[in-house]
Amino acid sequence: MIDQYRHGQIALQEALKHLSGDPGAEPVPSEPRWTKERLASILSELDTLVGLEPVKAVVREIFAYLYMQERRRQHHLQCEPVVLHMVFKGNPGTGKTTVARMLARMFHACGLLEGGHLVEVERADLVGEYIGHTAQKTREVVKKALGGVLFIDEAYSLARGGEKDFGREAIDCLVKSMEDHRNEFIAIIAGYEAEMDWFLATNPGLPSRFPIHITFPDYDVSALLEIARRTAAQRQYRLSPEAEVKLRNHLEGVRRVAPAAEFSNARFVRNVIEKAIRRQALRLFDVPRLSRDQAMTLQPEDFRWEGIMP
Amino acid sequence: MKRSLVIGKTNVGKTLFCIHFARYMGVRELRWLVEEADGRTDCRVMSVAEAEASLSDVHPHRTRCLQSVAVEFPAGKTVRQLLLTDTTGLTEGIHPEPALREAMAQTLQAMTDASVILHMVDAWAIGHALGGAAGPGRVWDALEAQLADFGVRHGGYVLLANKMDLPGAMDGYRFLCKRYSRQRVLPVSALHGTGFREVKQVVWRFA
């Protein structure tokens, strides 16, 4: 024990406890609870996402910080309590919900969250219809989220109704719950960048309670094409080279025409692939003998954009 | 020769107590046996005035090794000797400086072998903390409590309430007497030499 103190592995009080023969003295862990390998394996899930490099960088930073806190704790150095409530800013379909769900699993794998589930809510799930109803609904939602992540999509809509709107009550109740159940859940509020900045400015207590801000950039055309390939591959389909060219040309056109805030990014691509799969089924309906390759390949004629919102 | 070890946190007056207690016991020329943390030993001879000037300091961790002086206790027709050992002040947690950790580890090692442990505490600081409505952890922190716990289990343990010459120290002394009612708590002033007679009466039995 004295040697362990000499080498800076345990605190003086711990060494003294053992010298006193205190039966209550706990054995000193020599290795941190988190290993680098375990962390790398947890973070590898992030690499399955296409693009989102700035988001991945922030998430790696958060996990490196958590790992460092653990290592500092081993050396009995001061460790600040980790506040992980976050703001996700970005246009639709940029991966906010997907990353939130992934983070819940990752924090659970690290032992930070007991459940690791994601409770996804919006204004209607929090705001009630009569006085007192809002606080009750918000508390119930928070209760469900304990041990996991509470994801509030389009959170800015809570502050839109003006002074007398029940949305304000929901914010106050949420802030109180975040204090009451500190470390028991992680709240993530999400929405368009400009609207979220406005939302945070409406309540002076909010910015300090959400210390982590992650901005989700729009996907570029190459990333959208990669998402299309992966979405198809997940369902055991592939795009023919001609189909890829057609899709690329269309995506470039849409990106030029549609305003950034109205383009639904990955969600649009997923919808396009799903429609193409249905169109392929229709095209091959009357083909008597189907090869494996035919059954798997999406051709340019399967890609039609009518009825799909950009 | 048996060893009486003076332990405690930094700046509680351990070194000054050793110098003045040795003088009280009739030592005019201090022959210090210095045991460095790396195992080297040395002998330094100095007067009481020189020792006061060079060994004691208001800055923490002036002492970074074990330094002992032999004091004699008359026992009937014979004289018994006891090594009075000054130690490095202890601090909570893990000290960032390896040399100081080494020195504190040396103090811990010496605690396991000593015949007498004189645990010196700053009674004035305790009294001051009591007056400031501080929480119990501030008045008597975990390190002091663990040192006392070790001493009580070890045997030959004496709690020295130092700095009794300062105002408010009496409150600290009363606190210690109440908390450690079954232990010997002796009020002393290492600076002025008060309370040394009582310390001598207790310590000589172990020589």
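Everything quoted here is computed from the prediction, not taken from an experiment.

J.: Please explain the overall build of chain A as it appears in this structure.
T.: Each helix and strand counted, chain A has 14 helices and seven strands in total. Restricting the contact set of chain A to residue pairs at least 6 apart, pairs at least 24 apart contribute 73%.

J.: How do you make sense of the pairing of strand β1 (residues 86–90) of chain A when you look at a structure like this?
T.: If a strand is regular, its side chains alternate between the two faces of the sheet. Residue and element names in this part refer to chain A. Buried residues dominate β1, accounting for five of its five residues. Taken together, the four bridges between β1 and strand β4 (residues 186–191) define a ladder with parallel strand orientation. From the neighbouring strand, valine 87 faces β4, where its bridge partner is isoleucine 189. In terms of strand pairing, β1 meets strand β5 (residues 212–216) through five bridges, oriented parallel. Bridge pairing links lysine 89 to threonine 215 in β5.

J.: For this particular structure, what's the right way to read the packing of helix α2 (residues 12–19) of chain A against helix α3 (residues 98–113) of chain B?
T.: When two helices pack together, their arrangement is given by the angle between their axes and by how far apart the axes lie. Taken N-terminus to C-terminus, the directions of α2 of chain A and α3 of chain B make an angle of 15 degrees; their axes are 11 Å apart at the nearest point. Viewed along their axes, α2 of chain A and α3 of chain B adopt a mutual orientation that is roughly parallel. α3 of chain B is crossed by α2 of chain A, and the crossing has right-handed handedness. Note on element contacts: α3 of chain B touches α2 of chain A through Met104, Leu108, Met111 and Thr112 of chain B, opposite Leu12, Ala15 and Leu19 of chain A.

J.: What is the right way to read unusual backbone geometry from this model?
T.: Most of the time, phi is negative for any residue but glycine, and the peptide bond is trans. Phi at glutamate 154 of chain A takes a positive value of approximately 50 degrees, unusual for a residue other than glycine. Summarising the element assignment, glutamate 154 of chain A is placed in the loop between β3 (149–152) and α8 (166–180). Classification of glutamate 154 of chain A as partly exposed rests on a count of 17 C-beta atoms within 10 Å. With a phi close to 60 degrees, asparagine 11 of chain B is a non-glycine residue in the positive phi region. Mapped onto the elements, asparagine 11 of chain B comes out in the loop between β1 (2–8) and α1 (14–24).

J.: How should I be thinking about the interface of chain A and chain B in this particular structure?
T.: It is common to give the size of an interface as the accessible area that goes away when the parts come together. Taken together, the contacts link 15 residues of chain A with 20 residues of chain B. Where the side of chain A that touches chain B is concerned, the elements lending two or more residues are α1 (2–6) and α2 of chain A. Sorting elements by how many residues they give to the side of chain A that touches chain B places α2 of chain A first, with six residues. Its residues assigned to classes, the side of chain A that touches chain B comprises seven nonpolar, six polar and two charged.

J.: I tried to follow helix α13 (residues 265–283) of chain A on my own but got confused; where do I start?
T.: Residues spaced three or four apart along an α-helix point in a common direction, a consequence of the helix completing one turn every 3.6 residues. Residue and element names in this part refer to chain A. In this model α13 runs 27 Å from its N-terminal to its C-terminal C-alpha over 19 residues, within 8% of the 27 Å that 1.5 Å per residue would give. Among the residues of α13, those classed as buried are Asn265, Ala266, Phe268, Val269, Val272, Ile273, Ala276 and Gln280. Projected down its long axis, α13 shows its buried positions confined to an angular sector of 150 degrees, all on one face. When the buried face of α13 is taken as reference, the exposed residues oriented beyond 90 degrees from it are Arg278, Ala281 and Leu282. Lining the buried residues of α13 we find α11 (221–234) and β7 (297–298).

J.: Looking at this model, I keep getting lost on the sheet that holds β1 of chain B. Mind explaining?
T.: In any sheet, the strands associate via hydrogen bonds between backbone groups, in a parallel or an antiparallel arrangement. All names here are of chain B. Strands sit in the order β3-β2-β4-β5-β1-β6-β7-β8 across an open sheet of eight strands; the sheet is mixed. Looking at which strands have only one partner, the edges of the open sheet turn out to be β3 (41–47) and β8 (184–187). Strand-to-strand, the axes of this sheet are offset by a mean angle of 30 degrees, without reference to chain direction. Judged from the four bridges that link them, strand β7 (residues 157–162) and β8 form a sheet pairing that is parallel. Across the sheet, the residue bridging to leucine 159 is valine 185, located in β8. Packed on one face of the sheet, helix α4 (residues 123–131) meets β6 (116–122), β7 and β8 and runs near 45 degrees to β6.

J.: Help me understand the pairing of β6 of chain B in this model?
T.: Residues and elements named next belong to chain B. Most of β6 is tucked away, with seven of its seven residues classed as buried. The alternating pattern of β6 places Val116, Leu118, Met120 and Asp122 on one face and Ile117, His119 and Val121 on the opposite face, and all of these are buried. Across six bridges, the pairing between β6 and β7 is parallel. Within β7, the residue paired with leucine 118 across the bridge is valine 158.

J.: Can you help me understand the sheet that holds β3 of chain A in this one?
T.: Residues and elements named next belong to chain A. Taken together, the five strands give an open sheet; going across it, the order is β2-β3-β4-β1-β5, and neighbouring strands pair in parallel fashion. The sheet terminates laterally at β2 (118–121) and β5, the two strands that pair on one side only. On average, adjacent strands in this sheet sit at an angle of 20 degrees to one another, irrespective of strand direction. In this structure, β2 lies alongside β3, joined through four bridges in parallel fashion. Looking at β3, one finds that glutamate 120 is bridged to phenylalanine 151. Strands β1, β2, β3, β4 and β5 of the sheet are contacted by helix α5 (residues 96–110), whose axis makes an angle of about 170 degrees with β3.

J.: Would you explain α8 of chain A in this entry?
T.: In this model, α8 of chain A (15 residues) spans 21 Å end to end at C-alpha, consistent with the 21 Å of a helix rising 1.5 Å per residue. Among the residues of α8 of chain A, Phe166, Gly167, Glu169, Ala170, Ile171, Leu174, Ser177 and Met178 of chain A are the ones counted as buried.

J.: What is the right way to look at the confidence of the model for chain B in this model?
T.: One rule of thumb: low pLDDT means the predicted coordinates there are not for detailed reading. All names here are of chain B. Counting all residues, the mean pLDDT for chain B is 87, and 96% of those residues have values of 70 or more. Per-element confidence in chain B ranges from a low mean pLDDT of 63 for helix α5 (residues 136–139) to a high of 94 for β7. Taken over the whole predicted complex, pTM reads 0.55, whereas the ipTM for its chain interfaces reads 0.83.

J.: What exactly am I supposed to notice about the packing of α11 of chain A against α13 of chain A here?
T.: Residue and element names in this part refer to chain A. Running from N to C, α11 and α13 point in directions that differ by 45 degrees, and their axes come no closer than 9 Å. In this view, α11 runs oblique relative to α13, as classed from their interaxial angle. With respect to the hand of their crossing, α11 and α13 are arranged in right-handed fashion. Seen from α11, the contacting residues are Leu224, Ile227, Ala228, Thr231 and Ala232; seen from α13, they are Ala266, Val269, Arg270 and Ile273.

J.: Teacher, can you tell me more about the nonpolar core here?
T.: Soluble globular proteins: nonpolar side chains tend toward being buried together. Grouped together as the largest cluster of nonpolar side chains are 65 residues, with contacts concentrated most on Ala123, Leu160 and Ala161 of chain B. The biggest single contributor to this core is α1 of chain B, with six residues. Contacts of leucine 160 of chain B, omitting those with residues within four sequence positions, involve Leu118, His119, Met120, Leu186, Val188 and Val199 of chain B. Leu103, Val149, Met178 and Phe216 of chain A belong to the second largest nonpolar core, which has 46 residues in total.

What counts, and at which threshold
Residues numbered from 1 in each chain as written. Chains lettered and ligands numbered in written order. Predicted model: local features only at pLDDT ≥ 70, side-chain atom pairs only at ≥ 80, totals over all residues. Helix = DSSP H or I, 4+ residues; strand = E, 2+ residues; numbered from the N terminus. Contact = placed C-beta atoms within 7 Å. Buried ≥ 20, exposed ≤ 12 C-beta atoms within 10 Å, placed from the backbone. Pairing = 2+ DSSP bridges. Axes fitted to C-alpha atoms, helices over the stretch in contact; angles between N-to-C directions. Parallel < 35°, antiparallel > 145°, perpendicular 65-115°, else oblique. Left-handed = near helix turned anticlockwise from the far one by under 90°. Nonpolar A, V, L, I, M, F, W, Y, C, P; charged D, E, K, R; others polar. Expected span 1.5 Å × (residues − 1). Arc of directions from axis to C-beta. pLDDT = per-residue confidence, 0-100. Core = buried A, V, L, I, M, F, W, Y, C linked by C-beta atoms within 7 Å.

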